Amino acid sequence: MKRISFRDVGLKYVLSPFDPPVVQIDPGETVVIEVEDAASGQIRRKTDRRDRRSVPFGNPVVGPIYIKGAKRGSSISVSIIEIKPSIGQGTTYFSEFNEEYVLGAPILKFLGEKFPREPKICKIQNGQVYFSDELLLPYRPMIGTLGVAPHPEEEAFSSSVLPGRHGGNMDLPDVCSGSTVFLPVFNEGALLYIGDAHAVQGDGEISGTAVEMPAEVKVKVDVKDEPLGWPMIENKDEVMFVSTTRNGVSLENAIRTAFLELALWIEEKFDLNRFDALMLCSQIGKIRIGNLWTAAAKIEKKYLEALTVR
């Protein structure tokens, strides 16, 4: 089992196909990755502030990790084994990014206003997140950013803040211990990046930040022959397909795409045509919104057990 720490290999802010791998691993190998929080470690106390002059970008990741045998057109699986907080606390805060994320336009700048900048430091202890001394939230650790480098001819620049077909900053609470994320491969070796751990996050991540925390993430990575158009997530109870907004595509259309991908997968795996599968999704399908750019269409496995496997 290999171990990688951002302290040794540094932090990246782009999921680039041009960066040299920080490590190579075999299919089926387990790796432990130490990641920093979304503010690059700038906020540890209530007096700290997000300073974009010294660290201009947010959402750092560790990588790329080269997976031997991963070829373009195939896919990889990333099984999440464990997510542990590194320092026993997380933080949630506002910055200039949050203002545009929430409002969609620089209205506050126009009005000469801004969100408060004092962060909320949240202790993580005994399976709970201390939003305050009185208000305790459940500790539900997840990985906000998990993705591969996109192909340079299809997407020459992929910020660690933006999601897409390659995964990336999906911010889905389902990317948690016990889940397996399947990702399409666009470059030899897949070039996997991981970062942006959260102690807890609600649907939509509506303030723009979860309870962000540095963490140790243990994953098992494997190579799959099956091609994928979009990321897929599976846990013991559900299967889901992910789609995202991009290049003018709305969240509405991302939801449509996620459900259509799910229906096509049901047709491929089970004796049910795509139109019946789509009708089935219309009755018992669910939608999960990660951040405001990411949708995951899901179905419970128990409804698929009655179908004949192809």
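Refer to the structure presented above.
What comes next is a walk through the structure. The structure displayed is predicted, hence computed values, not measured ones. (Residues numbered from 1 in each chain as written. Predicted model: local features only at pLDDT ≥ 70, side-chain atom pairs only at ≥ 80, totals over all residues. Heavy atoms only, no water.)

With respect to the packing of aromatic side chains
Going by this rule: Working definition: rings of Phe, Tyr and Trp (its six-membered ring) pair if their centres are within 6.5 Å, and the pair is stacked with planes under 30 degrees apart, edge-to-face with planes over 60 apart, and tilted otherwise. Put simply, DSSP marks the helices as runs of H or I at least four residues long and the strands as runs of E at least two long, and each gets a number from the N terminus on. Each residue's exposure class comes from its accessible area (1.4 Å probe, protein chains only) as a fraction of the maximum for that residue type: buried when under 20%, exposed when over 50%, partly exposed otherwise. Note on geometry: a ring has a charge over it if NZ (lysine) or CZ (arginine) is within 6 Å of the ring centre and within 35 degrees of the ring normal.
In this structure the tally under the stated criterion is 7 aromatic pairs. Summarising the aromatic geometry, the rings of Phe97 and Trp293 are spaced 6.5 Å apart at their centres and angled 70° between planes, so their arrangement reads as edge-to-face. You can see Phe97 sitting in helix 2 (residues 96-103) and its partner Trp293 sitting in the loop between strand 18 (286-289) and strand 19 (294-300), a full 196 residues away along the chain. Classification of Phe97 as partly exposed rests on a relative accessible area of 30%. Consider the rings of Tyr101 and Trp293, whose centres lie 5.6 Å apart with planes at 90°: the pair is edge-to-face. Of this pair, Tyr101 sits in helix 2 while Trp293 is found in the loop between strand 18 and strand 19, placing the two residues 192 residues apart along the sequence. Neither residue differs from the other here; Tyr101 and Trp293 are each classed as buried. Here the aromatic residues Phe97, Tyr101 and Trp293 are joined through ring pairs into a cluster of three or more. Between the NZ or CZ atom of Lys123 and the centre of the ring of Tyr130, over which it lies, the distance is 4.3 Å.

A word on the nonpolar core
Rules: Definition of nonpolar core: a set of buried residues of the types Ala, Val, Leu, Ile, Met, Phe, Trp, Tyr and Cys, connected through side-chain atoms within 4.5 Å.
In terms of nonpolar packing, the biggest core is built from 44 residues, with Ile33, Ile76, Leu146, Leu192 and Val219 touching the most fellow members. Counting 17 residues, the second-largest nonpolar core is a separate cluster that includes Ala258, Ile266, Phe270 and Cys281.

Structural notes on unusual backbone geometry
Across the junction of Gly63 and Pro64, the peptide omega takes the value 0°, indicating a cis bond. Relative to the assigned elements, Pro64 resides in strand 4 (residues 61-67). With a phi angle near 70°, Ala190 is a residue other than glycine that sits in the positive phi range. With respect to the helices, strands and loops of the structure, Ala190 is situated in the loop between strand 13 (180-184) and strand 14 (192-198). A positive phi angle, close to 40°, is found at Glu205, a residue other than glycine. Inspection of the secondary structure puts Glu205 in the loop between strand 14 and strand 15 (215-224).

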